[in-house]
2 protein chains.
Amino acid sequence: MSVQKTATDTTSSVSLTLDEARDLAIAALTRRGADNRNARAVADIMIRAERDRCASHGLFRLQGYCASLDSGKVDGAAHPTLHDMAPGVLKVDGKGGFAPLALELGLPALADRARQQGVAVLGLTDIYHFAALWPEVETLGELGLCGLAMTQASPMVAPAGGTKPFFGTNPLAFSWPRPGQDPFVFDQATAALARGEIMIMARDGHDAPDGAGIDPDGNPTNDPAKILEGAQLPFGGYKGSNIALMIELLAGALIGSVFSVESGRQDNKDGGPPVGGEFILAMDPSRFGDAGWAAHTEVLFKELEAIGVSRLPGTRRRLARQETPSQGIRLPKALYDTVQDLAVGNDTDGD
Amino acid sequence: MSVQKTATDTTSSVSLTLDEARDLAIAALTRRGADNRNARAVADIMIRAERDRCASHGLFRLQGYCASLDSGKVDGAAHPTLHDMAPGVLKVDGKGGFAPLALELGLPALADRARQQGVAVLGLTDIYHFAALWPEVETLGELGLCGLAMTQASPMVAPAGGTKPFFGTNPLAFSWPRPGQDPFVFDQATAALARGEIMIMARDGHDAPDGAGIDPDGNPTNDPAKILEGAQLPFGGYKGSNIALMIELLAGALIGSVFSVESGRQDNKDGGPPVGGEFILAMDPSRFGDAGWAAHTEVLFKELEAIGVSRLPGTRRRLARQETPSQGIRLPKALYDTVQDLAVGNDTDGD
């Protein structure tokens, strides 16, 4: 660990190895009652983001995870259980714990089932999901499978035709395997913008773009502070709204979990994640009868390249992970201080 | 059948019963070599749209269907075959015919498989799809299943980061069952606008909205004629583009069908549909372990109503179908004349 001020940046930052970062996260979680398995799984999901230089889902989330252990909302020692519902349907009951351990239990079983059946679904219930969705679909992609994941959240987004927060940012993530290379992966909110982007616009006095949200009276506004009081809007108007509603039905009604409005009402607003569920579909292309599917996939990406589209979603993440294992990561000093306090400070009720 | 001029509309229209409309369609198709089963299936899909007053997918499509029989591109006597690929995967080889008969063969088998497995996929290959996607998912919804359908088309839409037509309008349709009432259904293109809407704007001298498309040089334009020469754009920017790309992978690489760019190159531009495939996923909510799923679904729609969203996608179609079986439909005179010519005129090479 080393503190540096760069010539071009007066904000000091701290460099850490990925292992140092992981150890801090595990320390912070375990002193709040998380057991070893949960602490490691949660730390791993944050470090996977740090490895890819996705700061928004990295150690920046540690405070929220810790807050939900401190408040007693989340069980840091939850033992998720796997259930066989139907030949193509698995369920993991998260038992009120964070999502990562439930995913570690469910994803390998889902992959096996998808290979057996051609297609399978994993529903996760009673989990607290505070990470991006790309890790789970990327994992499936690296196993040679196509993955599709969706989750709800606290209500922040108004549906088309409505003016009150109803949907979560309801992300949808997709992966497609490319044997011998990185899978194609995207992960996108059905909200027009991430909540965090609007908060930064409000802080910096910038206008939000058209279509980002509405004020508490339901009128379109470019004032980010008013959007935060009112509601965000879905991406792409009514079409994005329909996709957000589909996600409520699949990650809520189908798998036996809550809707965003229900989750929001239950939440104690401790700054951590709300309770929810997750829908994950996996398909094995090798079971669909076209032995040339992988070569055919490359035709598509070559055709895209031929019209000038060579940068696919996730490219920046993939480049970052080639560097961070040796170069380490750099945390803003303020975030580092927070992480350090959470891990070893005296300002918590950790033991 | 009766020709009328209304007081408020100087354009004359012709009223027909649904059976009269179906008979005309069947006559037009069979005299071009379609066998009885294909002619009836194709006519039924058009009449289902007319019944719902979806003019754009009704008898308006007959000319295109007939053109593809006249040109020899589509086999009007195709015998689609059903194949069992894996416990959760079925395939229908359309054998170069129109999609409706392939769907009639595949959908009941898909529904059975979804009930057995919890989730199943039907891939349709070597079909010519010229209809909306809502009929197939609505059928699944009425059977108590959740449906998700996607198909590619001729390239008309530029991907995010590109300036040339690459995706079809790549629609996505979804249904969710609501036992005792109509399923929730949406069907939407991943293009920002339907091709037909842009054609009408060009005809009427209206501007296209921002984000609808780009000119042949790749610059944003509101000139609909320039968009038709250039490329349409996806809905919702890069997020819609990612969904369009997902549809290429699922309705192309996964099921062993063509991509939109491949389909476009093969097409003889006879005015009918291009060759393609279709991906249809079906899930049985009763196999996911939450016996209260249907009641829980109604909670979601009641919550939506409570914030003022009572009009769901498909409402207008559902209202129309309560009227058209008794009241019949009304075709613009010009369309009626075209249909009549196709059915009984001397201007074709039908026998």
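For the structure, see preceding data.
These numbers come from a predicted model, not from an experiment. (Residues numbered from 1 in each chain as written. Chains lettered and ligands numbered in written order. Predicted model: local features only at pLDDT ≥ 70, side-chain atom pairs only at ≥ 80, totals over all residues. Heavy atoms only, no water.)

Enquirer: Mind laying out the side chain of Thr-297 of chain A, listing which residues take part and the relevant values?
Expert: Position of Thr-297 of chain A relative to the elements: it lies in helix H10 (residues 293-306). Those residues in contact with Thr-297 of chain A, other than ones at most four positions away along the chain, are Trp-176 and Arg-178 of chain A together with Leu-249, Ala-253 and Phe-259 of chain B. (Helix = DSSP H or I, 4+ residues; strand = E, 2+ residues; numbered from the N terminus. Contact = heavy atoms within 4.5 Å.)

Enquirer: Can you break down the sheet that holds strand S11 (residues 275-283) of chain A residue by residue, with the values?
Expert: Residue and element names in this part refer to chain A. Ordered by their spatial adjacency, 7 strands build an open sheet running S3-S4-S5-S11-S6-S7-S8, and the pairing between neighbours is mixed. Two strands bound the open sheet, and with one partner strand each, they are strand S3 (81-86) and strand S8 (181-188). Adjacent strand axes in the sheet meet at a mean angle of 15° when their direction is disregarded. Of the pairings in the sheet, the one linking strand S7 (residues 172-178) to S8 comprises 6 bridges and is antiparallel in character. Considered in S8, the bridge of Arg-178 is made with Gln-181. Here helix H8 (residues 237-254) sits on the sheet in contact with strand S6 (146-151), S7 and S11, set at roughly 90° to S6. (Pairing = 2+ DSSP bridges. Axes fitted to C-alpha atoms, helices over the stretch in contact; angles between N-to-C directions.)

Enquirer: Please give an account of the environment of Asp-284 of chain A that cites residues and values.
Expert: All names here are of chain A. With respect to the helices and strands, the residue Asp-284 is situated in the loop between S11 and H10. Residues Asp-284 and Val-119, 165 residues apart in the sequence, show an inter-C-alpha distance of 6.5 Å. Among residues more than four places away in sequence, those in contact with Asp-284 are Ala-114, Arg-115, Gly-118, Gly-144 and Leu-145. Side chain to side chain, Asp-284 and Ser-286 meet in a polar contact 2.7 Å long. (Polar contact = N/O pair within 3.5 Å; in protein donor to acceptor, adjacent residues only side chain to side chain.)

Enquirer: Any chance you could break down the interface of chain B and chain A for me, citing the residues and the numbers?
Expert: With 69 residues of chain B in contact, the opposing surface of chain A contributes 69 residues. Roughly 5700 Å² is buried in total at the junction of chain B and chain A, and carbon and sulfur atoms are behind 74% of that figure. Our count for the contact surface shared by chain B and chain A stands at 2 salt bridges. A salt bridge links Arg-265 of chain A to Glu-303 of chain B; the shortest N-O distance between them is 2.7 Å. (Buried area = accessible area lost by both parts, 1.4 Å probe. Salt bridge = Lys/Arg side-chain N within 4 Å of Asp/Glu carboxyl O.)

Enquirer: Please provide a residue-by-residue account of the relation of the copies chain B and chain A, values included.
Expert: Two copies of one chain are present, and they are related through a rotation about an axis combined with an axial shift. Of the transformation placing chain B onto chain A, the axial shift is 0.0 Å and the rotation is 180°, giving an RMSD of 0.0 Å. Here the copies are linked by what is in effect a two-fold axis. Measuring from the rotation axis to each C-alpha of chain B, the shortest distance belongs to Gly-236 of chain B, at 1.9 Å. Looking at chain B, 100% of its interface residues are interface residues in chain A too, so the copies touch through the same face. (Least-squares fit on C-alpha atoms with pLDDT ≥ 70 in both.)

Enquirer: Please provide a residue-by-residue account of the pairing of S11 of chain A, values included.
Expert: Residues and elements named next belong to chain A. Burial analysis of S11 places 9 of its 9 residues in the buried class, which makes it a mostly covered element. The side-chain alternation of S11 yields two buried faces, one formed by Val-275, Gly-277, Phe-279, Leu-281 and Met-283 and the other by Gly-276, Glu-278, Ile-280 and Ala-282. Relative to S11, strand S5 (residues 119-128) runs antiparallel, the two being bridged by 8 bridges. Opposite Val-119, over in S11, you have Met-283 as the bridge partner. Of the pairings in the sheet, the one linking S6 to S11 comprises 6 bridges and is antiparallel in character. Among the inter-strand pairings, Cys-146 is bridged to a residue of S11, identified as Met-283. (Buried < 20%, exposed > 50% of the residue type's maximum accessible area, 1.4 Å probe, protein only.)

It is worth stressing that arrangement in space is one thing and function is another; only the former is reported here.
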